[in-house]
There are 2 protein chains.
Amino acid sequence: MNLLLDTIARYVTLTPEEQERVVSATEFQSYKAKRILLKEGEICLHSYFVIKGILRSYTIDENGAEHVVSFASPGWWIADMYSYLSQRPGQLYIETNEDSEVIMLSKENQERLYDEVPKMERFFRILIENSLVANQQRLIDNLSFTAEARYDKFTKKHPDLIHCLPQKQIASYIGVTPEFFSKMKARLLKK
Amino acid sequence: MNLLLDTIARYVTLTPEEQERVVSATEFQSYKAKRILLKEGEICLHSYFVIKGILRSYTIDENGAEHVVSFASPGWWIADMYSYLSQRPGQLYIETNEDSEVIMLSKENQERLYDEVPKMERFFRILIENSLVANQQRLIDNLSFTAEARYDKFTKKHPDLIHCLPQKQIASYIGVTPEFFSKMKARLLKK
DNA sequence: GAATACACTTAACCTAGATTAAGAAATAAA
DNA sequence: TTTATTTCTTAATCTAGGTTAAGTGTATTC
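These remarks concern the structure in this document. (Residues numbered from 1 in each chain as written. Chains lettered and ligands numbered in written order. Predicted model: local features only at pLDDT ≥ 70, side-chain atom pairs only at ≥ 80, totals over all residues. Heavy atoms only, no water.)

What follows is about the protein's contact with DNA strand C. Residues in close proximity to DNA strand C total 16 residues, the closest being A:Q167, A:K168, A:S182, B:A147 and B:T177. Expressed as a percentage, the sugar and phosphate content of the atoms of DNA strand C within 4 Å of the protein is 73%. Looking at the surface near DNA strand C, the element that brings in the most residues is helix 9 (residues 178–189) of chain A, giving 4 residues. By residue class, the composition of the surface near DNA strand C is 5 nonpolar, 5 polar and 6 charged. (Near = heavy atom within 4 Å. Helix = DSSP H or I, 4+ residues; strand = E, 2+ residues; numbered from the N terminus. Nonpolar A, V, L, I, M, F, W, Y, C, P; charged D, E, K, R; others polar.)

So, in structure tokens, the structure goes:
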């Protein structure tokens, strides 16, 4: 449970009472591997802060192809932001990759927290700023780099994830098919 | 000058004194068409709220190709978010498309505003949430849709912009070359 | 521990979109 | 009004990455 408070402490300083309010606004939960927490068309009622394991979010397009939107390892949040913020049906799936533990925060409780503990509004503001920057960078990378360069960037940025994710998920994240990814990897080994 | 206060009023309610603080934290500026406000390698000192005209942000990749990251028409903000938030050299250019008027807000003044007028922290939090959602959607669209579908979405989402942007900028925004864009448009006309 | 499903590889062939090049239209500049 | 500069179009050719298909691990299930 401390991972959350430690993460918050990196951005804002909470009093013990404020920490208590944060804790009581959240809910602990653990899930088996391959458990789907959210499906397309559902409303994303919680955002998840990962304590243990790995979650991922993805869409399935009209041809049935899966596109990974994000991975979340311990210390990171995951949600269908559109659906969570608007409380309307979204397009994302959220699924555990392995046995996982999360802390759940509902939209209501988050809004209540903003009023009770204004520092939490700052905390989340900064978190979202960081997501926005990362996301924008990923967009730029997709527009201007080759698949090989994107893979290279991914391995450097997430050296830990490389080993515990199935290749097809990495392929999907960088935006290529598993077949092409496999071919590309073989090509890279020859160098 | 009222466009800014009106926009803010859509999300939070400010007292007259708070409005005054907002106004005095900002600075008005007008620019001729094709004026570059920010270059790659520079620090983005301000974020710009557009009153009149159109601005755009873009990167230039290693092959010299331009990639439009965003357009801003009246009522919208634009900045190199990475550089603005971190106050480090960024990779984006920001340029006026036409004669334009903007309201400028520096990072310092924005942070001061957060403390003086906490509602402004909420305002910007919501704004950034919206950007994040839009940006994530654009990423998904790039991964799962064809260029034609992305163009179609763009025309529906920004019917106003279609007519006042050079085609090559629209092509760049949706992620294709001007030549392919031209071919695609001709193809669409035949239907 | 056989059976089934799933992840990964390889290879032949295919296509959306890129590149190159050259001309036509439109803007701007002089 | 002419000249330059930039934008847009068209067409031929090329390529990064997709598709299809078949085969080889490797988990998972019963």
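This brings us to the packing of helix 6 (residues 147–157) of chain A against helix 9 of chain A. Residue and element names in this part refer to chain A. Where helix 6 meets helix 9, the axes come as close as 11 Å, and the angle between the chain directions of the two elements is 80°. Considering their axes alone, helix 6 and helix 9 lie roughly perpendicular with respect to each other. Judged by residue contacts, A147, E148 and Y151 of helix 6 engage F180, F181, M184, K185, R187 and L188 from helix 9. Per-class residue counts for the contact of helix 6 with helix 9 are 6 nonpolar, no polar and 3 charged. (Axes fitted to C-alpha atoms, helices over the stretch in contact; angles between N-to-C directions. Parallel < 35°, antiparallel > 145°, perpendicular 65-115°, else oblique. Contact = heavy atoms within 4.5 Å.)

Take the sheet that holds strand 4 (residues 55–60) of chain B next. Residues and elements named next belong to chain B. In spatial order, the strands read 2-7-4-5; together these 4 strands make up an open sheet with antiparallel pairing. Both outer strands of the open sheet, strand 2 (36–38) and strand 5 (66–72), are each paired with one neighbouring strand and no more. Averaged over all neighbouring strand pairs, the angle between strand axes comes to 30°, with direction disregarded. Against the sheet, helix 8 (residues 167–174) touches strand 4 and strand 5, its axis set at about 100° to strand 5. (Pairing = 2+ DSSP bridges.)

Time to look at the pattern of salt bridges. Under the counting rule described, the total for this entry stands at 24 salt bridges over all chains. In this structure, A:R56 and A:E66 form a salt bridge, with 2.6 Å as the shortest nitrogen-oxygen distance. One end of the pair, A:R56, is in strand 4 (residues 55–60); the other, A:E66, is in strand 5 (residues 66–72), and 10 residues separate them in sequence. Accessibility expressed as a relative area gives 5% for A:R56, which makes it buried. The salt bridge partner of B:R125 is A:E121, with a shortest N-O separation of 2.9 Å. Taken together, the residues span two chains, with B:R125 in helix 5 (residues 118–144) and A:E121 in helix 5 (residues 118–144). Note on B:R125: relative accessible area 4%, which makes it buried. A relative accessible area of 7% places A:E121 in the buried class. Connected through shared salt-bridge partners, A:D115, A:E121, B:R122, B:R125 and B:E129 make up one network. (Salt bridge = Lys/Arg side-chain N within 4 Å of Asp/Glu carboxyl O. Buried < 20%, exposed > 50% of the residue type's maximum accessible area, 1.4 Å probe, protein only.)

Every contact between the two is made by 31 residues of chain A and, on the other side, 31 residues of chain B. Between chain A and chain B lies a buried interface of about 3,300 Å² when both sides are counted; carbon and sulfur atoms form 63% of it. Ranking the residues of chain A by area buried against chain B places A:R125, A:L132 and A:L143 at the top, with a combined share of 18%. Our enumeration of links across chain A and chain B arrives at 6 salt bridges. A salt bridge links B:R122 to A:E121; the shortest N-O distance between them is 2.9 Å. Linking chain A with chain B are 8 residue pairs in polar contact (both at pLDDT 80 or more). Going through the elements one at a time, strand 5, helix 3 (81–86), helix 4 (107–116) and helix 5 of chain A are the ones with two or more residues in the side of chain A that touches chain B. Ranked by the residues each element gives to the side of chain A that touches chain B, the list is headed by helix 5 of chain A, at 17 residues. Class assignment for the residues of the side of chain A that touches chain B results in 13 nonpolar, 10 polar and 8 charged. (Buried area = accessible area lost by both parts, 1.4 Å probe. Polar contact = N/O pair within 3.5 Å; in protein donor to acceptor, adjacent residues only side chain to side chain.)

The subject of this paragraph is the relation of the copies chain A and chain B. Aligned on chain B, chain A shows an RMSD of 0.0 Å; the corresponding rotation is 180° and the shift along the axis is 0.0 Å. Taken together, these values place the two copies in the relation of a two-fold axis. (Least-squares fit on C-alpha atoms with pLDDT ≥ 70 in both.)

Turning to the pairing of strand 4 of chain A, a few remarks are in order. All names here are of chain A. Strand 4 sits mainly inside the fold: 5 of its 6 residues count as buried. Relative to strand 5, strand 4 is paired through 6 bridges, and the arrangement is antiparallel. Opposite I60, over in strand 5, you have E66 as the bridge partner. What sits between the antiparallel neighbours strand 4 and strand 5 is a turn of 5 residues, in which G64 has the positive phi angle 85°. Pairing analysis gives 4 bridges linking strand 4 to strand 7 (residues 93–96), with the strands arranged antiparallel. Residue R56 lies in a different strand from strand 7, and its bridge partner there is E95.

Worth remembering: the numbers are spatial, not functional.
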